[in-house]
Amino acid sequence: MPSVTRTTEGKIAVLTMNAPPVNALGTDLRAGIGEEFALALNDPEISAIVLTGSDRAFSAGADVREFGTDKAVAEPRLKTLESMIEGANKPVVAAISGVALGGGLELALSCHARVAAPTARLGLPEVNLGLLPGAGGTVRLPRLVGAIRAAEIIIAGKPLPAAAAHEAGIADEIAEDPVAAAVTLATELAIKGKPTPVIEREDKIADFDTDAFEAARPGLLKKSRGALAPARIADCVFAACTRPPQEALAFEEEAFKELVTGSQHRALKHVFFAERQARKVPGVPDPKEAAEIASVGIIGSGLMGGGIAMVFANAGIPVTIIDVAEDSLAKGRRMIETNYQRSVDRGSIPQEKMDRSLYLITGTTDYEGLGETDLVIEAVFENMELKQDIFGRLDQVTRPEAILASNTSSLDIDQIASATSRPEKVIGAHFFSPANVMKLLEVVKGTKTSPETIGAIFAIAQRIAKVPVLAGNCDGFIGNRMLQYYTAEAEYLLEEGATPEQVDRVAEGFGMAMGPLAMRDLSGMDTSIRIREIRRKTMPADERMAEVVERLVEAGRIGQKSGKGYYRYEGRKRIPDPETTRIIEELSASLGIERREIPDEEVRDRLFMPLVNEGAKELEEGIALRAGDIDTVWVNGYGFPAHRGGPMFWGQEVGLDRVAATAERLAEKNGQRWAPSQLMVRLATEGKSWDQA
Ligand code: 3H9
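Computed from a predicted structure; not experimentally measured.

Here we look at the overall build of the protein chain
In terms of regular secondary structure, the protein chain is built from 28 helices and 20 strands. Against the 2.2 N^0.38 benchmark of 26 Å for 693 residues, the protein chain shows a C-alpha radius of gyration of 28 Å, consistent with a compact globule. Its C-alpha atoms give the protein chain principal-axis dimensions of roughly 85 × 60 × 50 Å. Classification of the 693 residues of the protein chain by burial places 55% in the buried group. The long-range fraction of contacts in the protein chain, counting pairs at least 24 apart against all pairs at least 6 apart in sequence, stands at 72%. A total accessible area of about 29,600 Å² is found for the protein chain, and carbon and sulfur atoms account for 52% of it. Averaging the coordinates of the 80 positive side-chain charges in the protein chain and doing the same for the 100 negative ones gives two points 1 Å apart.

Next up, the structure:
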């Protein structure tokens, strides 16, 4: 089938892009658009043109796979097509169903009008790939919505639903049948004449205020966390409002070239494709063939259980929550209501959505209430006996086909499954807190978990908009197993001479959402003391656990909830505290450690390289299937900066030989558990990447 097909409705040519699955604008599709437009423009029987795509996508933008190859710049380039459309002597109307993203929306912005289906989503998400709109998006969007709003939309990189795009002035009309409505509009425009092309419109930027824009800039860049694209987007929007359009387009093109050849784009492109690859598990049935999950039970109405219930209800799936007592259920329900109410107050969901979701969530203390559910997720606290007891009961009350999942973050799935008569239907479904916000779902496969059970969880993950990653069954699975090394090293650094401010500054400067010590303060240190005691007893003989946490807790510094931990707190504001320094210095002295200035680079390497090393061991053991899966876990569940590609990608960028050398040094200091992974050493010696393992 040709990449663009043409039909005619009276004197209107309807050109349909046809490059499944999402009409990415690769060379073939661009060539097809160029050819069909030329024919339609030269055809005297045609008075106007409608450009459309499939139900799923008008277009998802430039073909990301082409970046860095000659194909990306082969004519006709996107900008060539846009000039042709914008300068056409016949009106062109875009009819948008599904998504119009990036270059796809840029193409639509060069049309003379845009009609969108009510379910369409329009946006310029290039920032998520470390890029900016490079085909006129930063120049045209401000001309429709104003400078600051345009910068906000492009920097957020979040597509707008059709109604919001219409309200903002990006879509001219909303119609159930956008092609039919676009044909009608194109017919009218053919008679009335074309509206002024977007690029020539001045009204929204005529009163552009340089000072106001500069004053807004820090707010616009607040969430950048070291990403380069947002600041360049702001520069381009500024140029769009202060320079003639052709100059602004050239400025944008240069900025795009700079980003598309940079390391952040390489990292983010890796993250994009790794997330998609993580969904594909060899030997597991296609999600489309998986048994449908129409109702869900949740055991436990605490923070986690409540969050998970919201996730399913948001996707329109009825949820039954079980807890031991009516008052626990009532408390859980209040928490869910408060969460929804906050979203309504913030304007992120409409009241009807809250009402609909709450209607789908019911609670009971009676396990018999789970008789008809297809999936039950246990979300009680981490205690094997309790979990086994629950799974035994679930085995009795649920249908034999029902899947039984545990939200455990570290316990043995096989041991949990052994309490049932259906271990093939038992699986780990590890959500991250807050479950209704965090995108990651670690799916843990027990020895007997069947491929069909895994497939069903991967299928439901897509429906509830989570990013699933398959993990093997071991202590801490993929993410928490690695995390131990990161937090342990943060503490060793303190004993040796670093301050909490330095450790967190380096981690946050690296791009972590929050430094490891501030994170500890947030979660509270009192709860971890008991677990640390157990770990201390079971630790290998050549290891010593740092003692900073114990000393702080002894001094009543358990974290934010007590107003002090590593830091002192005024509200949520953390303030360095000399008392912490004194406690740490005393500890170093008691251990006979001579404190020294530790360079920031050493802090960075010692925090992040052990993650790479442990990730490599997980690959060796088959706990993770691919390095990209580990990156997906860390970017979506642990606040690892996406623009660094995840720990494994980053490790490869800095050099696996360097990571191995750091692991060698840390093993001497901390114990053999820290020794370099053999797989990593082999790859480093052979100069190979993870993909060539
Ligand atoms: C850009 O436009 C630059 C311009 O400003 C300037 C140029 C000069 N390219 O996600 P899915 C693949 S930058 C290539 O599973 P969904 C994807 O890999 C671009 N491939 O489905 C997958 O392949 P596979 C700006 C792409 O329904 C398949 O399509 N645009 C592209 O969950 C299905 O995708 C963006 O950043 C692409 N652009 O979500 C949009 N897009 O089957 C990026 C998708 O082999 N895309 N594929 O695994 C998305 O956000 C989502 O894919 C989308 C569909 C919402 C479209």
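Quick notes on the layout of surface pockets
A volume near 320 Å³ is recorded for the second largest pocket. For the second largest pocket, the lining is made up of 16 residues, of which His 270, Ala 627, Gly 628, Trp 690 and Asp 691 are closest to its centre. Contributions of two or more residues to the lining of the second largest pocket are made by α11 (263–278), α25 (627–637) and α26 (647–654). Looking at the lining of the second largest pocket residue by residue, the classes come out as eight nonpolar, five polar and three charged.

A look at a positive patch on the surface
A surface patch of like charges, here positive, comprises Arg 56, Arg 65, Arg 279 and Lys 280. Summarising the element assignment, Lys 280 is placed in the loop between α11 and β11 (296–299). Look at Lys 280 and you get exposed, because its relative accessible area is 57%.

Examining the UniProt feature "domain: 3-hydroxyacyl-CoA dehydrogenase C-terminal" (unreviewed entry) in the protein chain
Residues annotated by UniProt as "domain: 3-hydroxyacyl-CoA dehydrogenase C-terminal" (unreviewed entry) correspond here to residues 476–569 and 605–688. Here residues 476–569 is 61% helix and 2% strand, with 31 Å between the C-alpha atoms at its ends. With 71% helix and 0% strand, the stretch residues 605–688 has end C-alpha atoms that lie 21 Å from each other.

Remarks on empty space enclosed by the protein
Once rolled over the atoms, a probe with the size of a water molecule shows which space is left empty. Inspection of the entire model under this criterion finds three cavities of 30 Å³ or more. Its boundaries defined by the atoms lining it, the largest cavity holds a volume of some 50 Å³. Lining the largest cavity are Tyr 485, Met 609, Pro 610, Asn 613, Glu 614, Lys 617, Ala 663, Leu 666, Arg 673 and Trp 674. Here the lining of the largest cavity gets five residues from one element, more than from any other, and that element is helix α24 (residues 600–621). A per-class count over the lining of the largest cavity returns six nonpolar, one polar and three charged.

Observations regarding the pairing of strand β15 (residues 403–406)
The side-chain alternation of β15 yields two buried faces, one formed by Ile 403 and Ala 405 and the other by Leu 404 and Ser 406. Bridge analysis of strand β14 (residues 375–378) against β15 gives four bridges, and the strand direction is parallel. Opposite Val 376, over in β15, you have Leu 404 as the bridge partner. Bridge analysis of β15 against strand β16 (residues 426–431) gives three bridges, and the strand direction is parallel. What sits directly across from Ser 406, in β16, is Gly 428.

Considerations on the site of the ligand
Taken together, 28 residues lie around the ligand, and Gly 103, Glu 106, Glu 126, Arg 276 and Lys 280 are the ones closest in. At 3.0 Å, a side-chain N or O of Arg 56 approaches an oxygen atom of the ligand. Measuring from an oxygen atom of the ligand, one finds a side-chain N or O atom of Glu 106 at 2.6 Å. When contributions to the shell around the ligand are tallied by element, the ones reaching two or more residues are β6 (99–101), α3 (103–109) and α11. Top element by residues in the shell around the ligand is α11. It accounts for three residues. Classifying every residue of the shell around the ligand gives 16 nonpolar, four polar and eight charged.

What to know about the nonpolar core
Ranked by size, the top nonpolar core spans 76 residues in total, and within it Ile 478, Tyr 566, Leu 607, Phe 608 and Trp 690 carry the most contacts. The biggest single contributor to this core is α24, with eight residues. Looking at this core, you find at least three residues from each of domain 2 (296–473) and domain 3 (479–692). Aside from chain neighbours lying at most four places away, what touches Leu 607 is Tyr 486, Glu 489, Ala 490, Leu 493, Val 503, Ala 507 and Pro 516.

Re the domain arrangement of the protein chain
Parsing the protein chain into structural domains produces domain 1 (4–261), domain 2 (296–473) and domain 3 (479–692). Centre-to-centre separation of domain 1 and domain 3, based on C-alpha positions: 44 Å.

Some details on unusual backbone geometry
In this model, Pro 20 is joined to Pro 21 through a cis peptide bond whose omega is 5°. Checked against the element boundaries, Pro 21 lands in the loop between β2 (12–17) and α1 (27–42). Of note, the bond from Ser 433 into Pro 434 is cis; its omega dihedral lies within 30 degrees of zero at -10°. Summarising the element assignment, Pro 434 is placed in the loop between β16 and β17 (440–445). Located in the positive-phi region is Asn 23, a residue other than glycine, with phi close to 55°. Tracing the backbone through its elements, the reader meets Asn 23 in the loop between β2 and α1. Unusually for a residue other than glycine, Phe 477 sits at a positive phi of about 50°.

Description of the sheet that holds strand β10 (residues 173–174)
A sheet is described by the order of its strands in space; here six strands give the open sequence β1-β2-β3-β5-β7-β10, paired in mixed fashion. Two strands in the sheet have a free side with no partner beyond their single neighbour: β1 (4–9) and β10. One ladder, built from four bridges, connects strand β3 (residues 48–52) with strand β5 (residues 92–96); its direction is parallel. Paired with Thr 52 across the bridge in β5 is Ala 95. Sitting on the sheet, α1 touches β1, β2, β3 and β5, and the angle it makes with β1 is about 30°.

Overview of the side chain of Thr 580
If you trace the backbone, Thr 580 turns up in helix α23 (residues 578–590). For Thr 580, the contacting residues outside a window of four places in its chain are Pro 500, Leu 552, Arg 557, Gly 565 and Tyr 566.

A word on the UniProt feature "domain: 3-hydroxyacyl-CoA dehydrogenase NAD binding" (unreviewed entry) in the protein chain
Per the UniProt entry, the sites bearing "domain: 3-hydroxyacyl-CoA dehydrogenase NAD binding" (unreviewed entry) are residues 296–473 in this numbering. A distance of 24 Å separates the end C-alpha atoms of residues 296–473, which is 42% helix and 21% strand.

Details of α25
A large share of α25 lies buried, amounting to 11 of its 11 residues. For α25, the complete set of buried residues consists of Ala 627, Gly 628, Asp 629, Ile 630, Asp 631, Thr 632, Val 633, Trp 634, Val 635, Asn 636 and Gly 637. Contacts from the buried residues of α25 go to α11, β17, β18 (467–472), α18 (479–496), α24 and α26. Phi turns positive, to about 70°, at Gly 639, one or two residues after α25.

Reading the values: rules and limits
- Residues numbered from 1 in each chain as written.
- Predicted model: local features only at pLDDT ≥ 70, side-chain atom pairs only at ≥ 80, totals over all residues.
- Heavy atoms only, no water.
- Helix = DSSP H or I, 4+ residues; strand = E, 2+ residues; numbered from the N terminus.
- Rg over C-alpha atoms; globule rule 2.2 N^0.38 Å.
- Buried < 20%, exposed > 50% of the residue type's maximum accessible area, 1.4 Å probe, protein only.
- Contact = heavy atoms within 4.5 Å.
- Areas by Shrake-Rupley, 256 points an atom, 1.4 Å probe, with all protein chains shown as cover.
- Lys, Arg positive; Asp, Glu negative; His and termini not counted.
- Charge placed at Lys NZ, Arg CZ, Asp CG, Glu CD.
- 1 Å grid on protein atoms, 1.4 Å probe; cavity = no way out; pocket = protein on both sides within 12 Å on 5 of 7 lines; lining within 4 Å.
- Points joined across faces, edges and corners; volume = space filled by probe spheres on them.
- Nonpolar A, V, L, I, M, F, W, Y, C, P; charged D, E, K, R; others polar.
- Patch = residues over 30% accessible without salt bridge, like charges linked within 9 Å, V, L, I, M, F, W, Y side chains within 5 Å.
- Salt bridge = Lys/Arg side-chain N within 4 Å of Asp/Glu carboxyl O.
- UniProt positions renumbered as here; feature names shortened; annotations may be inferred.
- Pairing = 2+ DSSP bridges.
- Near = heavy atom within 4 Å.
- Polar contact = N/O pair within 3.5 Å; in protein donor to acceptor, adjacent residues only side chain to side chain.
- Core = buried A, V, L, I, M, F, W, Y, C linked by side-chain atoms within 4.5 Å.
- Domains from an automatic or database assignment.
- Axes fitted to C-alpha atoms, helices over the stretch in contact; angles between N-to-C directions.

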